[in-house]
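Observations on the model geometry
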Amino acid sequence: MPGGIAGRGALASTGRTAEDMFAALCAGRSGVDTPRAFDLTRYRTRHAFEIDDRPPGGGDVPMRATGWLLDAIGAALADAELAPDLGDVPVLIGTTLRELRSAELAWRQHTDFDTDRLHFGHALRERFGATTTYTVTNACAASLYVLGLGLDLIESGAAETVVVAGVDTISESTFGLLDRCYPAPPEALRPFDRHRQGMLQGEGAAAVVLRGTGDARHGLLRAVAVNCDAYHPSAPDVAGIAAAIREGQSRAGAKPSDVDLVFLHGTGTELNDQAEALAMAEVFGDTPPLATAIKCMTGHTAGASGLHSLIAGTDCIRTGAVPAITTLQRPMDEAAGLRLVRDTVSGADIDLVQVHSFGFGGLNAVALLERGR
Amino acid sequence: MTGPTRPAEAVITGAGLAVAGYAGIADLLGPVPADRDGDPLAGLSRRLGRHKDRATRLALLAGGRALADAGRPADDTPVDTGPEAFDRPGGRTGVVASSNYGNLDTVCGTVDAIDAHTYTGASPMLLPSTASNVVASWIAITYGMRGANLTLCNGATSGLDAVHWACHLVRAGRVDSVLVAGVEPGNDAVTGLAGAPAFDGAAAIVVESARVAAGRGAPVRARVGRYARRADLRDAVAAVAPGPVDLWCEPEDGAAEPPVPARHRLEVGAQLGRRSGALGVLQVAAAVAWFGRHPRSRALATCGRGGEASADAAAALVLAAPEDRS
């Protein structure tokens, strides 16, 4: 039994609402800029997709991720016409880094930070009176992964309403280690391009209100498959990705040919894009659906990225527009058989969208989203 | 996909520890062992520990012991690979980890190294540990577990929340069994940011579908009852309505009054430092040990306090001995 997407909220470098974000994606507007938070004399990397909300004067401040999370959930509740008073409504938060950026600031600069606020439970209680809250740190697959748990609760009747959200900020430890690990600092995030150089980080939050099929104004969530490669702590595995796609379609009762559009994970890293393209070819064969990847414009919004794609997918179904992979110049060989979107599409008839979200630790989540009836 | 069948029953079939001075879970029921000077990681092979942070090492060791206790001794070299592996038992086994401070050492050490030596000072082997799911990730790789994989970093209630979500995964039919690990490492980053004293150790349990456990002839060590996370301890306990219990496991720093009549109260690992995300799993391991001695008894595990509006919450979980039919 599917769930209904009754409300949504999103923000990132590209816009502060879901509507603004989708308009930016369709217009090909990127949120990339020079990183503002860190001392750039310590790094080679000169690009990041930050939310520009720090106070003037330079430097960084704690608790930004928590603020975005509350904004996204508040927007989703308002959109679903629900009061911002959640009580024991389950709230599932997917994140890679929770408030670890605030911990870094406390460690290096001795800013005030209570480690009880590494997770989001206190803030969710204060703002929404929510007590059945879970901070799940499932790396870059996190928000789509917990969306699967939320759907379980709707399907089993354990809950009538579930709030599912994702959030991440850029931490200095991840920014520095990515710089350390790439041969050269990426100039752009180029999913599925022959000359892709790696991932660039983005900030953002996203939230959806999940209810029964009677409340599906943004579409029906047909299924979410989750698994783990159990292969490598950071490299992906074609077998795990393909198994997640097949399980997602099977749970949704869909055939590969039923899928109209895929939101690829598409991080612009050598290994992700290769494994994902091979898994796509394995499942879809010679007749793949349209496929796009939005991290070229939002950056890799990590724990929020799966829901960012899903929310954009609700807009594609509604408007028939599909954003393009703006930084794609020459597709890599493994992607030659895919129908990657090169220019913004309009007027497409899209009923079933498949969303990919993968993360460190071999975490894979695949969601199937259908037009509401 | 899912027929009108009853949800699978979740049971516990094994438990293990990695805590200095503790020979096994039965020690959780007694006083703190006199000799705690040993290294809790002494039982971990050098190969398993390589390139891993302390939290991961502790959890791998406790997890391996829990699997052995459940009669599923794990060959630590997963050989079951390839596309079909997702249809085999490893594909039906999940992992749920709980830790609040697990990767603070990597995060703080990395920003120190960058400050001193630029990005070139950061160790690339640490990249996976910057993400807080590194423990669950290594457990899955090490023991070949391809099912759902979750990491709870959920504050004081995190360990009981992890046990709850493991049971959820079994009841929802997403997996047949789950290795649950609660771990907190003791190091300078943890004491620097959260204050002393930090706990250093891990507990693990195996949650399994009752049908699958029966199918392989595995003894049930505990049955898992109702769970709730609510505004405060009283609300959480009221929501699970346990009635009188034989064992009550108190939240961190204790609680003045038992929330229900309890014959015996236990602060699991009270003198071992702040157990935080490990506590709930330590409590469940202690309950398993208790049921080994006290058949036909029931236990109530509680974590967190909640209370005033700015506090987070409290969680309660009911457990019963396999013989208990009340």
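Reading the values: the criteria
Residues numbered from 1 in each chain as written. Chains lettered and ligands numbered in written order. Predicted model: local features only at pLDDT ≥ 70, side-chain atom pairs only at ≥ 80, totals over all residues. Heavy atoms only, no water. Buried < 20%, exposed > 50% of the residue type's maximum accessible area, 1.4 Å probe, protein only. Helix = DSSP H or I, 4+ residues; strand = E, 2+ residues; numbered from the N terminus. Pairing = 2+ DSSP bridges. Expected span 1.5 Å × (residues − 1). Contact = heavy atoms within 4.5 Å. Salt bridge = Lys/Arg side-chain N within 4 Å of Asp/Glu carboxyl O. Polar contact = N/O pair within 3.5 Å; in protein donor to acceptor, adjacent residues only side chain to side chain. Nonpolar A, V, L, I, M, F, W, Y, C, P; charged D, E, K, R; others polar. Domains from an automatic or database assignment. Buried area = accessible area lost by both parts, 1.4 Å probe. Phe/Tyr/Trp six-rings, centres within 6.5 Å; stacked < 30°, edge-to-face > 60°. Core = buried A, V, L, I, M, F, W, Y, C linked by side-chain atoms within 4.5 Å. Axes fitted to C-alpha atoms, helices over the stretch in contact; angles between N-to-C directions. Parallel < 35°, antiparallel > 145°, perpendicular 65-115°, else oblique. Left-handed = near helix turned anticlockwise from the far one by under 90°.

Residue and element names in this part refer to chain A. Side-chain alternation along strand 2 (residues 91-94) places Val 91 and Ile 93 on one buried face and Leu 92 and Gly 94 on a second face that is also buried. Of the pairings in the sheet, the one linking strand 2 to strand 4 (residues 162-168) comprises four bridges and is parallel in character. Bridge pairing in strand 4 links Val 91 to Val 163.

Okay, helix 9 (residues 279-293) of chain B next. The periodicity of an α-helix, 3.6 residues per turn, causes residues three or four places apart in sequence to face the same way. The end-to-end C-alpha distance of helix 9 of chain B, which contains 15 residues, comes to 21 Å, matching closely the 21 Å that a straight helix rising 1.5 Å per residue would cover. Counting buried residues in helix 9 of chain B gives 13 out of 15 residues, a clear majority hidden from the surface.

This part is about the interface of chain B and chain A. Taken together, the 70 residues of chain B in the interface contact 65 residues of chain A. Taken together, the connections running from chain B to chain A amount to four salt bridges. For Asp 112 of chain B, the salt bridge goes to Arg 108 of chain A, with nearest N and O atoms at 2.6 Å. In this structure, the connection of chain B to chain A is made through 35 residue pairs in polar contact (both at pLDDT 80 or more). Broken down by element, the residue count for the side of chain B that touches chain A peaks at ten residues, all from helix 3 (residues 104-117) of chain B. Looking at the side of chain B that touches chain A residue by residue, the classes come out as 36 nonpolar, 24 polar and ten charged.

Here the focus is the domain arrangement of chain B. Residues and elements named next belong to chain B. When the domains of chain B are assigned, the result is domain 1 (10-215) and domain 2 (222-320). Relative to domain 2, the C-alpha centre of domain 1 lies at a distance of 21 Å. In this complex, domain 1 contributes 43 residues to the contact, which on the side of domain 2 involves 38 residues. Approximately 3,200 Å² of surface area, both sides summed, lies buried where domain 1 meets domain 2, with 68% of it carried by carbon and sulfur atoms. The largest share of the area that domain 1 buries against domain 2 comes from Leu 29, Leu 160 and Phe 199, three residues that together contribute 24% of it. Scanning the region where domain 1 abuts domain 2 turns up one salt bridge. Of the charged contacts, one joins Arg 229 and Asp 161 as a salt bridge, the two residues approaching to 3.5 Å between their closest N and O atoms. Of all the elements in the fold, those that place two or more residues in the side of domain 1 that touches domain 2 are strand 1 (10-19), helix 5 (158-171), strand 4 (177-184), helix 6 (188-194) and strand 5 (201-209). It is helix 5 that contributes the most residues to the side of domain 1 that touches domain 2, eight residues altogether. In the side of domain 1 that touches domain 2, the residues fall into 29 nonpolar, ten polar and four charged.

On to helix 3 of chain B, then. The first and last C-alpha atoms of helix 3 of chain B sit 20 Å apart over 14 residues, in line with the 20 Å expected at 1.5 Å per residue. One or two steps after helix 3 of chain B, the chain reaches Thr 118 of chain B, where phi turns positive at roughly 65°.

It is worth spelling out the pairing of strand 3 (residues 133-136) of chain A at this point. All names here are of chain A. Of the two faces of strand 3, the one holding Thr 133 and Thr 135 and the one holding Tyr 134 and Val 136 are both buried throughout. Note: strand 2 against strand 3, four bridges, orientation parallel. The partner of Gly 94 across the bridge, within strand 3, is Val 136.

Further remarks concern the packing of aromatic side chains. One pair of aromatic rings is described through two measures. These are the centre distance and the angle between the planes. All names here are of chain A. One pass over the full model with this rule turns up four aromatic pairs over all chains. For the pair Phe 38 and Tyr 43, a centre-to-centre distance of 6.2 Å together with 50° between the ring planes defines the contact as tilted. Since its relative accessible area comes to 4%, Tyr 43 is described here as buried. The interplanar angle of 45° and the centroid separation of 5.1 Å between the aromatic rings of Phe 38 and Phe 175 together place this pair among those described as tilted. Of the two residues, Phe 38 is situated in the loop between helix 1 (18-27) and helix 2 (64-79) and Phe 175 in helix 6 (residues 172-181); the sequence distance between them amounts to 137 residues. Like Phe 38, the residue Phe 175 is buried in the burial classification. Taken together, Phe 38, Tyr 43 and Phe 175 form an aromatic cluster joined through their ring pairs.

With that settled, consider the environment of Gly 49 of chain B. All names here are of chain B. Of note, Gly 49 is situated in helix 1 (residues 46-49). The sequence separation of Gly 49 and Ala 97 amounts to 48 residues, and the corresponding C-alpha distance is 18 Å. Apart from the residues lying within four places of it in its own chain, the contact partners of Gly 49 are Leu 44 and Arg 57.

All right, on to the nonpolar core then. Formed by 168 residues in total, the largest nonpolar core has its most connected members in Leu 147 and Leu 310 of chain A together with Ile 139, Val 207 and Leu 319 of chain B. A total of eleven residues in this core trace back to one element, the largest contributor, which is helix 9 of chain B. When residues of this core are assigned to domains, at least three fall in each of domain 1 (10-215) and domain 2 (222-320) of chain B. With residues near it in sequence (within four places) discarded, Ile 139 of chain B still touches Ala 59, Leu 60, Val 95, Gly 144, Met 145, Leu 179 and Ala 181 of chain B.

Right, let's talk about the packing of helix 2 of chain A against helix 4 (residues 121-128) of chain A for a bit. Residue and element names in this part refer to chain A. Interhelical geometry of helix 2 versus helix 4 gives an angle of 40° and a closest axis separation of 11 Å. The angle between helix 2 and helix 4 falls in the class oblique. When the axes of helix 2 and helix 4 are compared, the crossing they make is right-handed. Between helix 2, through Thr 66, Leu 69, Leu 70, Asp 71, Ile 73, Gly 74 and Leu 77, and helix 4, the contact on the second element is made entirely by Ala 123, Leu 124, Arg 127 and Phe 128. Residues belonging to the contact of helix 2 with helix 4 are distributed by class as follows: seven nonpolar, two polar and two charged.

This next bit is on the side chain of Asn 364 of chain A. Residue and element names in this part refer to chain A. Among the secondary structure elements, Asn 364 is positioned in strand 11 (residues 363-370). Within the local environment of Asn 364, its side chain forms a polar contact with the side chain of Asn 227, the two groups lying 2.9 Å apart. In this structure the side chain of Asn 364 is engaged in a polar contact, spanning 2.7 Å, whose partner is the side chain of Asp 229.

Here we come to the side chain of Thr 142 of chain B. Residue and element names in this part refer to chain B. Secondary-structure assignment places Thr 142 in helix 4 (residues 134-143). Relative accessible area serves as the criterion here: at 5%, Thr 142 is assigned to the buried category. A distance of 2.6 Å separates the side chain of Thr 142 from the backbone oxygen of Trp 138, its partner in a polar contact.

This next bit is on the pattern of salt bridges. Residues and elements named next belong to chain A. Following the criterion strictly, the structure yields 42 salt bridges over all chains and no others. In this structure, the salt-bridge partner of Glu 203 is Arg 64, at a minimum N-O distance of 3.1 Å. One end of the pair, Glu 203, is in the loop between helix 6 and strand 5 (204-211); the other, Arg 64, is in helix 2, with 139 residues separating them in the sequence. With relative accessibility at 0%, the residue Glu 203 sits in the buried group. For Arg 251, the salt bridge goes to Glu 247, with nearest N and O atoms at 2.7 Å. Here Arg 251 and its partner Glu 247 are both found in helix 7 (residues 238-252), four residues apart, which amounts to about one turn of the helix. By relative accessible area, Glu 247 is classed as partly exposed at 27%. Overlapping salt bridges, with partners in common, bring together Asp 33, Arg 36, Glu 50, Asp 52, Asp 53, Arg 54, Asp 60, Arg 64, Arg 101, Glu 104, Glu 172 and Glu 203 in one network.

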